[in-house]
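# Coordinate inspection notes
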Protein chains: 2
Amino acid sequence: MKVCFIGNCGHSSQAYKVLNQRNGVVFAGFAPGSEHEKSAPAYAQGWPLYDSYLEMLEKEKPDLAVISPVFGLTAQVILDCAARKIDIFSEKPVATTLEELNRVEKAVKESGIRFCAMHYLRYHPAFYLGAELVKQGAIGDVRMITAQKSYRFGTRPEWYWDKKLYGGTIPWVGIHAIDWIAHFSGKKYLSVTGQSFGGSPEMAALCQFEMEDGVMAAINLDYYRPAKAPTHGDDRVRCAGTKGVLEVRDGKVLLMNEEGNQVLEPEKCPELLEEFLDGKQPIPVEEIFHLTRAAIAAREAADTGKKVKI
Amino acid sequence: MKVCFIGNCGHSSQAYKVLNQRNGVVFAGFAPGSEHEKSAPAYAQGWPLYDSYLEMLEKEKPDLAVISPVFGLTAQVILDCAARKIDIFSEKPVATTLEELNRVEKAVKESGIRFCAMHYLRYHPAFYLGAELVKQGAIGDVRMITAQKSYRFGTRPEWYWDKKLYGGTIPWVGIHAIDWIAHFSGKKYLSVTGQSFGGSPEMAALCQFEMEDGVMAAINLDYYRPAKAPTHGDDRVRCAGTKGVLEVRDGKVLLMNEEGNQVLEPEKCPELLEEFLDGKQPIPVEEIFHLTRAAIAAREAADTGKKVKI
């Protein structure tokens, strides 16, 4: 299997690690997603390096493209790969505007390619276990989910200050929380209201979602975790249901229900890209587009102060 | 000082405990707030007991009324006491409709009485310390606050199922979270969007507030804490600011900022009613009305699905 990497702005190194441990993978080349990337990543040492990803695709004709450019350019790279019938493992969000998302969705479906996005955090052990328990009915019917992403800001590349290139903190960071909520609840998003602080990058945001069957959800995002915080991120999900409360926090699952209280230390869970390479579809393609649509709608809600349908 | 108690549906026993330890307090009588209350509380044993609070006020002419009827009747009892120039220590919310709130506000102001509501949780040691630290600048400028109230439902009186009498979970439970947010941030509420689940009582609710200076806030409320939960409630506030994050959880203050990470065990803090009896105004009267207005607006937002100005 010939694999090309396009861009190194997100979590492509994680994909490299998985691919590097599989038999039969040929790393056929790396190209930046745009002129905003100054250098090739360390993992691509010794690979054919291209300035233009289009030229690379033309020459190498890969089976799979791992896509991770400046976030606002992801959709165009996907369109270019889909047009060449190349399977895709792409950074999320797979688009940062609704118009682009519609084009990506159409192109992916019409091309018949295999397609997955890096919704890695669904496959984090504690969140994976938490979702399993909720699906098994550990807290009865889910009524309300709140999810948090809090990061250190640290040093970010210049293009974070260009909203078109960055795409927004809700699509970039918030989509993980949006993904958890969909995964834990098994429900679709219907509408969203939101707020954010700061132009680009937004330093904090709050969104509230109406979901199928009256399920309610909210996310809070921020980049205000100080440099001295014990970890880079503070990821959380809390589900309240008719029979109890389940919370994922500090890498553990806290479950309170009619049977008592437990703190569960999660074991290993499957790896997203492994599953995809094994021929499974770890997240349905329709769901990837739905999550992206919800994230773009939430950014619009925060930008306009209005409720937005999803 | 002659004190009469009207109703025993909320936290009047907490007020009794404080008053019982003060010199010069005469417990002049107890009357229910309405026919929905079946019996007098244990603390009123040996007091003059009345069926009608109006008759009690007429005969006893108290200096202070401690008011805690069925929640939807609080406003009327306040109006009756204010008309008689009796100082008031009332359960929150001080009204459950905007129309009543306006009447209460006018009556309290025109009567010149002293007035305070049972926003006790602002005076819980961990929340008191947390608010002090935030006001001292421990996390820089506050940008986003999220607050949680989660309770066991247990057994509740029949009138919880009558929305007019109950007044709603957002005014009854949520107002504590609304109070914390105002207290921690020092900002006023501007507008709210919300959702709730269940008719009356609402078993869960989510609200999102726009505040002065772009401060964002959200609350999540539920009655889904199971019977076997280690405590009745799980109260939380989390403030993210330009220099760090402060969280109140499990009765402790967790502070992360540029100086490092601390878990602070709070000491004692002042008691709300003590302060009031000592002649202070622990929560400005204007602020009590503002919090109540925010809570009523949030319930309206949840009921209508629309953004409501505060």
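The structure reproduced in this document is the subject of the present report. Owing to the predicted nature of the structure, the values given are computational and were not obtained by experimental measurement. (Residues numbered from 1 in each chain as written. Chains lettered and ligands numbered in written order. Predicted model: local features only at pLDDT ≥ 70, side-chain atom pairs only at ≥ 80, totals over all residues. Heavy atoms only, no water.)

## Digging into the layout of surface pockets
Volume-wise, the largest pocket comes out at about 950 Å³. Surrounding the largest pocket, 44 residues form its lining, Thr231, His232, Gly233, Asp234 and Asp235 of chain B being those nearest its centre. Of the residues assigned to the lining of the largest pocket, the class counts are 21 nonpolar, ten polar and 13 charged. Computed from the structure, the second largest pocket encloses a volume of approximately 670 Å³. Along the walls of the second largest pocket sit 30 residues, with Cys9, Gly10, His11, Tyr160 and Trp172 of chain A positioned nearest its centre. Elements represented by at least two residues in the lining of the second largest pocket include exactly strand 6 (142-152) and helix 7 (169-185) of chain A. Per-element accounting of the lining of the second largest pocket gives the leading share, three residues, to helix 7 of chain A. Of the residues belonging to the lining of the second largest pocket, the class tally is 15 nonpolar, eight polar and seven charged. (1 Å grid on protein atoms, 1.4 Å probe; cavity = no way out; pocket = protein on both sides within 12 Å on 5 of 7 lines; lining within 4 Å. Points joined across faces, edges and corners; volume = space filled by probe spheres on them. Nonpolar A, V, L, I, M, F, W, Y, C, P; charged D, E, K, R; others polar. Helix = DSSP H or I, 4+ residues; strand = E, 2+ residues; numbered from the N terminus.)

## Section: helix 4 (residues 98-111) of chain A
Residues and elements named next belong to chain A. With 14 residues, helix 4 should reach 20 Å at 1.5 Å per residue; the first-to-last C-alpha distance of 20 Å fits that figure. Those residues of helix 4 that fall on the buried side of the exposure criterion are Glu100, Leu101, Val104, Glu105, Val108 and Ser111. Along the long axis of helix 4, the arc covered by the buried residues comes to 150°, so they all point the same way. In helix 4, the exposed positions angled more than 90 degrees off the buried face are occupied by Lys106 and Glu110. The inward-facing, buried residues of helix 4 abut helix 3 (74-83), strand 5 (115-117) and helix 9 (285-304). One or two steps after helix 4, the chain reaches Gly112, where phi turns positive at roughly 75°. (Expected span 1.5 Å × (residues − 1). Buried < 20%, exposed > 50% of the residue type's maximum accessible area, 1.4 Å probe, protein only. Arc of directions from axis to C-beta. Contact = heavy atoms within 4.5 Å.)

## Considering unusual backbone geometry
The step from Ser200 of chain A to Pro201 of chain A runs through a cis peptide bond, and the omega angle for that step is -5°. Looking at the element boundaries, Pro201 of chain A is found in the loop between strand 7 (189-197) and strand 8 (204-211). Look at the link from Lys92 of chain B to Pro93 of chain B: it is a cis peptide, with omega at -10°. Within the element layout of this structure, Pro93 of chain B appears in the loop between strand 4 (87-90) and helix 4 (98-111). Although it is not a glycine, Lys61 of chain A sits at a positive phi angle of roughly 45°. Inspection of the secondary structure puts Lys61 of chain A in the loop between helix 2 (53-60) and strand 3 (64-67). The exposure class of Lys61 of chain A is exposed, given its relative accessible area of 57%.

## Some words on the side chain of Gln148 of chain A
Positionally, Gln148 of chain A belongs in strand 6. Residue Gln148 of chain A is classed as buried on the basis of its relative accessible area, which comes to 4%. In terms of polar contacts, Gln148 of chain A uses its side chain to reach the side chain of Asn220 of chain A, at 3.2 Å. Look past the residues within four positions of Gln148 of chain A in its chain and what remains in contact with it is Trp180, Asn220, Asp234, Asp235 and Arg236 of chain A together with Arg238 of chain B. (Polar contact = N/O pair within 3.5 Å; in protein donor to acceptor, adjacent residues only side chain to side chain.)

## Regarding the sheet that holds strand 6 (residues 142-152) of chain B
Residue and element names in this part refer to chain B. Taken in spatial order, the nine strands line up as 13-12-11-10-6-9-8-7-14 in an open sheet, and their pairing is mixed. In the strand order of this sheet, the two ends are held by strand 13 (260-264) and strand 14 (308-309), each with one partner. Relative to strand 13, strand 12 (residues 252-257) is paired through five bridges, and the arrangement is antiparallel. From the neighbouring strand, Asn257 faces strand 13, where its bridge partner is Gly260. Here helix 5 (residues 125-135) sits on the sheet in contact with strand 6, strand 10 (236-241), strand 11 (244-249), strand 12 and strand 13, set at roughly 165° to strand 11. (Pairing = 2+ DSSP bridges. Axes fitted to C-alpha atoms, helices over the stretch in contact; angles between N-to-C directions.)

No statement about biological role is implied by the geometric values presented.
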